[in-house]
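Structural description and commentary
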Amino acid sequence: LAMLLDDRTIAFHAPYGAHESIRIPTFGRAMAYDPTTCELLVAAKGNNVYRINLDEGRFSEPWDLDATGVSANCIAVSQSHPLASLGCDDGVVRFWDNRSPDSKLKPFLKLDVKSATKGYGYGDQGYSSQNLGEITSVANDPTGMYMAAGTAGGLVALYDVRSSRPLHIQEHKHGEPIHTIKFHSGSGMILSADEHLIKCWRYKSEDTLKGASVRVAVASDKSDSV
């Protein structure tokens, strides 16, 4: 178990108790584990993303956000392919492919969510002076085909990873930062939460879910007959 503390310390715990602790150069904001490289990825203040190799017990060379004055707020690693998504305070989600060690430690793709969601939502009507396009939460669905990004202005943008245009933009009522997004693939639903409410909304059609059930049933019948 790894815990990110507010004094720049990451504390590691095992079943018997405290195991080890290390300090990172700047204050951390979010963490995610990448099983393909056995690295703990730490989004922190500043334009670096720290990488801790848990197999070798040392720091790897950090990722560079490739932008001055930009920090990452949130991070997610896909369950189906080695793709890490970093949501940053300039309204851009940056992606790294962890299979490519020679990527110069720069993001291979940038997704401008701030521009795509401009003009949507309660907060964007002139009621707030905050950086409403800032990315505050990111999540990937288990299949790896969908990604959702939440903003400080209370919006959730849903993407097919094959396109740079959002499939849907969901607005939360209060215009407050989205702090959590979760995919529930079995029901085709997304749960998105701000400080006051949790919204449940569908990202897969019922026909898609029924089709998947039919295909599974047919495969099962063939298996039984053999």
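Since the structure is predicted, the reported quantities are computational estimates derived from the model, not experimental observations.

Thresholds applied
Sequence positions are assigned chain by chain, starting from 1 and proceeding in written order. Residues qualify for local features only when their pLDDT is at least 70, as the model is predicted, and side-chain atom pairs are given and counted only at 80 or more; totals for whole chains, interfaces and linings, by contrast, use all residues. Only hydrogens and water are set aside; all other atoms, that is, all heavy atoms of the structure, feed into the side-chain values. Between rings of Phe, Tyr and Trp, where Trp is taken as its six-membered ring, a pair exists when centres lie within 6.5 Å; planes separated by under 30 degrees are stacked, by over 60 edge-to-face, and by other angles tilted. Note on conventions: DSSP H or I runs of at least 4 residues are helices, E runs of at least 2 residues are strands, and numbering of each starts at the N terminus. To sort residues, take the accessible area from a 1.4 Å probe on protein chains only and compare it with the maximum for the residue type: under 20% means buried, over 50% means exposed, and anything in between is partly exposed. What makes a nonpolar core is a set of buried Ala, Val, Leu, Ile, Met, Phe, Trp, Tyr and Cys residues whose side-chain atoms join them at distances within 4.5 Å. Whether two residues are in contact is decided by their heavy atoms, any of which lying within 4.5 Å being enough. Two strands are counted as paired when DSSP detects at least two bridges linking them. The axes are straight lines fitted to the C-alpha atoms, using for helices just the contacting stretch, and the angles between their N-to-C directions are given from 0 to 180°.

1. Describing the packing of aromatic side chains
Here the structure, examined in full by the defined rule, presents three aromatic pairs. Between Tyr 146 and Tyr 203, the aromatic rings sit 5.2 Å apart at their centres with planes inclined by 75 degrees, giving edge-to-face as the arrangement. Pair noted here: Tyr 146 is in strand β13 (residues 146-151) and Tyr 203 is in the loop between β18 (198-202) and α2 (206-225), with a separation of 57 residues, a long-range link. In this structure, Tyr 146 and Tyr 203 share a single accessibility class: buried. Between the aromatic rings of Phe 183 and Tyr 203, the centroid separation amounts to 5.0 Å while the plane-to-plane angle is 85 degrees, which identifies the pairing as edge-to-face.

2. Some details on the nonpolar core
Counting residues in each nonpolar core, the largest one holds 17 residues, and the members touching the most others are Leu 41, Trp 63, Leu 65, Ala 72, Ile 75, Leu 86 and Cys 88. Secondary-structure elements contributing two or more residues to this core are β4 (28-34), β5 (39-44), β8 (72-77) and β9 (83-88). Setting aside its immediate chain neighbours within four residues, Leu 65 contacts Gly 46, Asn 47, Val 49, Val 70, Ser 71, Ala 72, Cys 88, Arg 94, Trp 96 and Pro 107. One finds Cys 74, Phe 95, Val 113 and Ala 157 within the second-largest nonpolar core, a separate group that totals 13 residues.

3. Some points on the environment of Cys 38
Assignment of secondary structure puts Cys 38 in the loop between β4 and β5. If sequence neighbours within four positions are ignored, Cys 38 has contacts with Tyr 33, Ile 52, Asn 53, Leu 54 and Asp 55.

4. A word on the sheet that holds β4
Spatial ordering of the open sheet is given by β4-β5-β6-β7, a layout of four strands whose pairing is antiparallel. Each end of this open sheet is capped by a strand with a single partner; those strands are β4 and β7 (58-64). The sheet shows a mean angle of 25 degrees between the axes of neighbouring strands, taken without regard to direction. Examined bridge by bridge, β4 and β5 share six bridges and lie antiparallel to one another. Bridge pairing in β5 places Asp 34 opposite Glu 39.

5. Concerning the pairing of strand β10 (residues 92-97)
Most of β10 is tucked away: five of the six residues are buried. Relative to β10, β9 runs antiparallel, the two being bridged by five bridges. Paired with Leu 83 across the bridge in β10 is Asp 97. The turn joining β9 and β10, which pair antiparallel and follow one another in sequence, is formed by three residues; a positive phi near 85 degrees is taken by Gly 91. In terms of strand pairing, β10 meets strand β11 (residues 109-112) through four bridges, oriented antiparallel. When the sheet's bridge partners are listed, Val 93 is paired in β11 with Leu 111.

Treat this as a map of the structure, not an account of what it does.
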